[in-house]
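# Per-entry structural report
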There are 2 protein chains.
Amino acid sequence: MAKAPTVYDVAAHAGVSIATVSRVLTRPDDVRAATREKVLASVGELGYVPSGAARGLAARRTGVLGLYFPGFDAMDEIDDAVFTGVDDAPHATGAELVDDIGGAAEVRPLNLYFDEVLRGAELEAWRRGFVLMVGIGRGDNAEQTVRDMAGRVDGLVMLAQSVPDGVMAQLSRRVPVVVVAGPRREDAYDHVSVANTEGMRALTEHVAAGLEPDELLYLSGPADSPDDAERWEGFCQALEARGVDASTVPILRGDFTREAGRRAAAELAAGERMPRAIVCANDQTALGLMEALQARGIRVPEDVLVTGFDGIEAGALATPRLTTIRQPMDDLGRAAIQVMARRLDDREQAPLSIRLPVKVLLRESSERR
Amino acid sequence: MAKAPTVYDVAAHAGVSIATVSRVLTRPDDVRAATREKVLASVGELGYVPSGAARGLAARRTGVLGLYFPGFDAMDEIDDAVFTGVDDAPHATGAELVDDIGGAAEVRPLNLYFDEVLRGAELEAWRRGFVLMVGIGRGDNAEQTVRDMAGRVDGLVMLAQSVPDGVMAQLSRRVPVVVVAGPRREDAYDHVSVANTEGMRALTEHVAAGLEPDELLYLSGPADSPDDAERWEGFCQALEARGVDASTVPILRGDFTREAGRRAAAELAAGERMPRAIVCANDQTALGLMEALQARGIRVPEDVLVTGFDGIEAGALATPRLTTIRQPMDDLGRAAIQVMARRLDDREQAPLSIRLPVKVLLRESSERR
DNA sequence: AAACCGAGTGTAAGCGCATACATTCGTGGA
DNA sequence: TCCACGAATGTATGCGCTTACACTCGGTTT
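Source: prediction; values computed, not measured. (Residues numbered from 1 in each chain as written. Chains lettered and ligands numbered in written order. Predicted model: local features only at pLDDT ≥ 70, side-chain atom pairs only at ≥ 80, totals over all residues. Heavy atoms only, no water.)

Moving on, we come to the sheet that holds strand β11 (residues 324–326) of chain B. Spatially, the 3 strands line up as an open sheet ordered β2(A)-β13(B)-β11(B), and their pairing is mixed. With partners counted over all chains shown, the strands left at the sheet margins are β2 (95–99) of chain A together with β11 of chain B, one partner each. Each strand axis lies, on average, 30° off the axis of its neighbour in the sheet, ignoring direction. Looking at chain direction, β2 of chain A and strand β13 (residues 358–362) of chain B are connected through 5 bridges and run parallel. In the strand pairing of β13 of chain B, Ala-95 of chain A is matched with Val-358 of chain B. Contacting β2 of chain A together with β11 and β13 of chain B, helix α10 (residues 196–208) of chain B runs over the sheet at an angle of about 25° to β13 of chain B. (Pairing = 2+ DSSP bridges. Helix = DSSP H or I, 4+ residues; strand = E, 2+ residues; numbered from the N terminus. Axes fitted to C-alpha atoms, helices over the stretch in contact; angles between N-to-C directions. Contact = heavy atoms within 4.5 Å.)

Attention now goes to the nonpolar core. Counting residues in each nonpolar core, the largest one holds 110 residues, and the members touching the most others are Leu-118, Leu-132 and Leu-332 of chain A together with Leu-118, Leu-132 and Leu-332 of chain B. With near-sequence residues (within four places) excluded, Leu-132 of chain B lies in contact with Leu-132, Met-133 and Val-134 of chain A together with Leu-65, Leu-67, Leu-118, Ala-121, Glu-122, Ala-125 and Ile-337 of chain B. Counting 42 residues, the second-largest nonpolar core is a separate cluster that includes Val-131 and Ala-150 of chain A together with Val-131 and Val-163 of chain B. (Core = buried A, V, L, I, M, F, W, Y, C linked by side-chain atoms within 4.5 Å. Buried < 20%, exposed > 50% of the residue type's maximum accessible area, 1.4 Å probe, protein only.)

Attention shifts here to the interface of chain B and chain A. Tallying the contact residues gives 96 residues for chain B and 96 residues for chain A. Together chain B and chain A conceal approximately 8500 Å² of surface at their shared face, both sides included; 56% is due to carbon and sulfur atoms. For the pair chain B and chain A, the interface holds 4 salt bridges. The closest approach of N and O atoms between Arg-119 of chain B and Asp-115 of chain A, which form a salt bridge, is 2.5 Å. Remark: the boundary between chain B and chain A carries 26 residue pairs in polar contact (both at pLDDT 80 or more). When residues in the side of chain B that touches chain A are grouped by element, the largest group, 9 residues, is from helix α7 (residues 109–127) of chain B. Partitioned by chemical class, the residues of the side of chain B that touches chain A number 46 nonpolar, 21 polar and 29 charged. (Buried area = accessible area lost by both parts, 1.4 Å probe. Salt bridge = Lys/Arg side-chain N within 4 Å of Asp/Glu carboxyl O. Polar contact = N/O pair within 3.5 Å; in protein donor to acceptor, adjacent residues only side chain to side chain. Nonpolar A, V, L, I, M, F, W, Y, C, P; charged D, E, K, R; others polar.)

For the rest of this paragraph, the subject is the relation of the copies chain B and chain A. Relative to chain A, chain B is turned by 180° and slid 0.0 Å along the rotation axis, the superposed coordinates differing by an RMSD of 0.1 Å. What we have between these two chains is a two-fold relation. A shared binding surface is used by both copies, with 100% of the interface residues of chain B retained as interface residues in chain A. (Least-squares fit on C-alpha atoms with pLDDT ≥ 70 in both.)

Further remarks concern the protein's contact with DNA strand C. The local shell around DNA strand C holds 28 residues, among which Val-7, Ser-22 and Tyr-48 of chain A together with Thr-20 and Thr-35 of chain B are the closest. Of everything in DNA strand C that lies within 4 Å of the protein, sugar and phosphate atoms constitute 60%. Within the side chain of Ser-22 of chain A, one N or O atom sits 2.3 Å away from a phosphate oxygen of DNA strand C. A distance of 3.1 Å is found between a phosphate oxygen of DNA strand C and a backbone nitrogen or oxygen belonging to Ser-51 of chain A. The set of elements that each furnish at least two residues to the surface near DNA strand C consists of α1 (7–14), α2 (18–26) and α4 (52–59) of chain A together with α2 (18–26) and α4 (52–59) of chain B. For the surface near DNA strand C, a count of residues per class yields 15 nonpolar, 7 polar and 6 charged. (Near = heavy atom within 4 Å.)

Quick look at the packing of helix α8 (residues 142–150) of chain B against helix α9 (residues 165–174) of chain B now. To characterise two packed helices, one gives the angle between the axes of the helices and the distance between these axes. All names here are of chain B. Where α8 contacts α9, the two axes come as close as 10 Å, and the packing angle between them is 15°. Considering their axes alone, α8 and α9 lie roughly parallel with respect to each other. At the point where α8 passes α9, the crossing takes the right-handed sense. Facing Glu-143, Val-146, Arg-147 and Ala-150 of α8, the residues of α9 in contact are Val-167, Gln-170, Leu-171 and Arg-174. By residue class, the composition of the contact of α8 with α9 is 4 nonpolar, 1 polar and 3 charged. (Parallel < 35°, antiparallel > 145°, perpendicular 65-115°, else oblique. Left-handed = near helix turned anticlockwise from the far one by under 90°.)

What follows concerns the packing of α1 of chain A against helix α3 (residues 33–46) of chain A. Residue and element names in this part refer to chain A. α3 packs onto α1 with a crossing angle of 125° between their chain directions and a minimal axis gap of 9 Å. With respect to their mutual orientation, α1 and α3 come out oblique. Crossing angle aside, the handedness with which α1 passes α3 is right-handed. Residue-level contacts link Asp-9, Val-10, His-13 and Ala-14 of α1 to Lys-38, Val-39, Ser-42, Val-43, Glu-45 and Leu-46 of α3. Among the residues making up the contact of α1 with α3, the classes are represented as 5 nonpolar, 2 polar and 3 charged.

Further remarks concern helix α9 (residues 165–174) of chain A. Side chains three or four residues apart in an α-helix point the same way, a direct result of the helix having 3.6 residues per turn. Residues and elements named next belong to chain A. Looking only at α9, the buried set comprises Val-167, Met-168, Leu-171 and Ser-172. Buried residues of α9, viewed axially, fall in a sector of 135°; they line one side. For α9, the secondary structure elements touched by its buried residues are α8 (142–150), β4 (155–159) and β5 (177–180). (Arc of directions from axis to C-beta.)

Taken together, 28 residues lie near DNA strand D, and Thr-20 and Thr-35 of chain A together with Val-7, Ser-22 and Arg-55 of chain B sit nearest. Near the protein, within 4 Å, the atoms of DNA strand D are sugar or phosphate in 59% of cases. Take Val-7 of chain B: an N or O atom from its main chain is 2.7 Å from a phosphate oxygen of DNA strand D. Secondary-structure elements contributing two or more residues to the surface near DNA strand D are α2 and α4 of chain A together with α1 (7–14), α2 and α4 of chain B.

Attention now goes to the sheet that holds strand β8 (residues 251–253) of chain B. Residues and elements named next belong to chain B. Reading across from one edge, β8-β7-β9-β10 is the order of the 4 strands in this open sheet, with parallel pairing throughout. The two strands at the open ends of the sheet, each matched to only one other strand, are β8 and β10 (305–307). When strand polarity is set aside, the average angle formed by the axes of neighbouring strands in this sheet is 15°. Looking at chain direction, strand β7 (residues 216–220) and β8 are connected through 3 bridges and run parallel. If you follow Ser-220 over to β8, its bridge partner there is Arg-253.

For side chains of opposite charge, pairing can occur when their charged atoms come near one another. By the definition in use, this model includes 42 salt bridges over all chains. Linking Glu-122 of chain B and Arg-138 of chain A is a salt bridge whose minimum nitrogen-to-oxygen distance equals 1.9 Å. Taken together, the residues Glu-122 of chain B in helix α7 and Arg-138 of chain A in the loop between β3 (131–137) and α8 connect one chain to another. Here the two residues Glu-122 of chain B and Arg-138 of chain A agree in accessibility, since each one is buried. Within this structure, Glu-124, Arg-127, Arg-128 and Arg-334 of chain A form a network of salt bridges that share partners.

As a further point, take the environment of Pro-250 of chain B. Residues and elements named next belong to chain B. Positionally, Pro-250 belongs in the loop between α11 (226–241) and β8. Here the alpha-carbon distance between Pro-250 and Leu-217, two residues 33 residues apart in the chain, equals 5.2 Å. Dropping the residues within four chain positions of it, Pro-250 is found in contact with Pro-213, Asp-214, Leu-216, Leu-217 and Tyr-218.

Residue and element names in this part refer to chain A. Examined against the element boundaries, Pro-176 turns out to sit in the loop between α9 and β5. Using a relative accessible area of 7% as the deciding quantity, one classes Pro-176 as buried. Between the C-alpha atom of Pro-176 and that of Ala-341, which follows or precedes it by 165 residues, the distance is 10.0 Å.

All names here are of chain A. Tracing the chain through its elements places Val-180 in strand β5. Sequence spacing of Val-180 and Gly-333 is 153 residues, and the spatial spacing of their C-alpha atoms is 8.1 Å. When sequence neighbours within four positions are dropped, the list of residues in contact with Val-180 reads Val-157, Met-158, Leu-159, Ala-160, Val-192, Leu-332 and Ala-336.

Attention now goes to the domain arrangement of chain A. Split by domain assignment, chain A resolves into domain 1 (17–50), domain 2 (64–83 + 107–195 + 329–359) and domain 3 (196–326 + 360–366). The C-alpha-based centres of domain 1 of chain A and domain 3 of chain A are spaced at 61 Å. (Domains from an automatic or database assignment.)

Attention now moves to the pairing of β5 of chain A. All names here are of chain A. In β5, alternate side chains face the same way, and those of Val-177 and Val-179 on one face and Val-178 and Val-180 on the other are all buried. Since β4 and β5 lie parallel, the crossover through α9 that links them has a hand, and here it is right-handed. Pairing of β5 with strand β6 (residues 190–194), which is carried by 3 bridges, proceeds in the parallel orientation. Each bridged residue has a counterpart across the sheet, and for Val-180 the counterpart in β6 is Val-192. (Right-handed = clockwise from strand over helix to strand, strands pointing away.)

As structure tokens, this is what we get:
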């Protein structure tokens, strides 16, 4: 790795000017075939790889799109404490036998979310000749991370609420910003989200059919989640379409974790009566709830119907399988990149707001018997 | 988004030279406190975000690390066909009710692999002040993708076998390369992998204890997989340590898919006798095998023990829960970045080869009753 | 008081490419 | 044969930074 060759080296080697080398690499058709071959041969021989930095600087476009997610601080601190890594154990190797006595792994929903959106975004970016840069906000320099990214990309796709509004406004002065999964809001950004409200409304209409309002229970997510707000809105719409005042329906506040579902089960078991159907704001909570209910001898769906939201794999593997709403997370990522591409084509057009449809998956956990 | 401010704008606004602005941003301690405050105020006021391209070009370091994986071509073509996206349905929204009659989703192992490694790598990169760029090789311009990345990063972490050796050699002339999960091999690159062999050896010793060689069966992966080769090696070692010639053990060749497990079950059911224990080269295959065996009335583990390799979540949710080997994929990503950081510190040091330990998770699918 | 010193700041030279513009080449028509 | 004109190539500039080096200035040292 002595010293990477530059355009100058290639030009000299091929006996042409650097402009010709550059053209061969960016618009090959502008160069005579014979010249092109000569240059390409030199490129191959020297192992020339153009500098992205120089390209970006000269062309004022980097060909890179950024994908930024907020992270959970707590999770990373735990990881830090456990990990020893290369320096501590350079020769660590071997295998340890462990009697795994079970307890389902707590899957972190945001991660799954992240994974799928990322995959979709990467695919679409690739199709359009972009490279993806990913960043997860962490700790108090989260803002620094996203600023860094903003300086290196042609456009920034951000999960909603991942940075303060003021910061986002500043970043958007430098690069176009597409907001993913945010609340419906009138602002200057392009938005891509899923039909949270419509999905929950359809599911609720199905599940609550024939039930009195007080036979229902809504197990919510954290109060500051726009996702939860939209789902709750859908829940309310379904009831109000039947002329029911949604505020009469009992609600239990959770936080999207499995544990929240377990707590809710405990609370319900201790109370005087059990609802006939429990609509949960996400799958993790619904799974925790089912598990804890069943542990107390309460049957799903015979005694109580349970539904979730997200469509995580564990829901399909649970017993009974969990009725839920599948969000097309990978499409979310793809759509975000598509919207970004459109924005980069024409920076003046009015902000776009895309809403992707969801699928309500009816499974055994909500089956009337 | 009129025109992004540059150092010159900030310098003029703060009444200093561009060198001072640059210093405030890169080595704040070299600047008098009063000056620093003045500059930072201007930065804030103007919403200045430094250009990564210019920085990279001038400093000869980009602060970006690349993570490159090969992809499955087939998978992406399918996605393409299905996806409509923004342009086709700009106002698509709503919810569709679907009776989900089941059939476990086929989880694509490489994706999970990718997700976890990525997560670990991102975490470690962040801790060290790097940003991550991700790329998945696809189609015939896969080489172009990775070349592009190489031009934009300070170092490239690549999954083994993702590009031809020649290409990798060329790339490594430009940036340091760390190979993840590759075969043990003497070459000029840094390597990070998991203890495939040791893990499979430990598991086999446990499972095969007290069994005759012909009561065993090995259900392998594809012939060209270095992972499979290493696992097979561990399997053999375990037997040979007991003085058994591993070549006398029956073997069935699969390809890491669930379907391969189902096929194997059919084949075994049609044959004259059933082994007492089946060691599979990965979890997907093991799960497909268990499922198809049980569908034929063959009980696991009462009639036959089954083990996997990977530690995917579905294995913990299966009935019975699948004995397997958990690879620390996220640690793999983290270690790769650590090794890269070390390499960037000193480019002359001898190539490192790290091997991370695995955990053998003993669960019900291999429990003697 | 002269010479010296170091902290703080400014000046200017690139980094490696894309591209506007200038120049040369090749070709066909007169 | 010569000229015109488009195609192919070369020249030169600047993208927005970092950084080596030069410079200023107040405070020491002798």
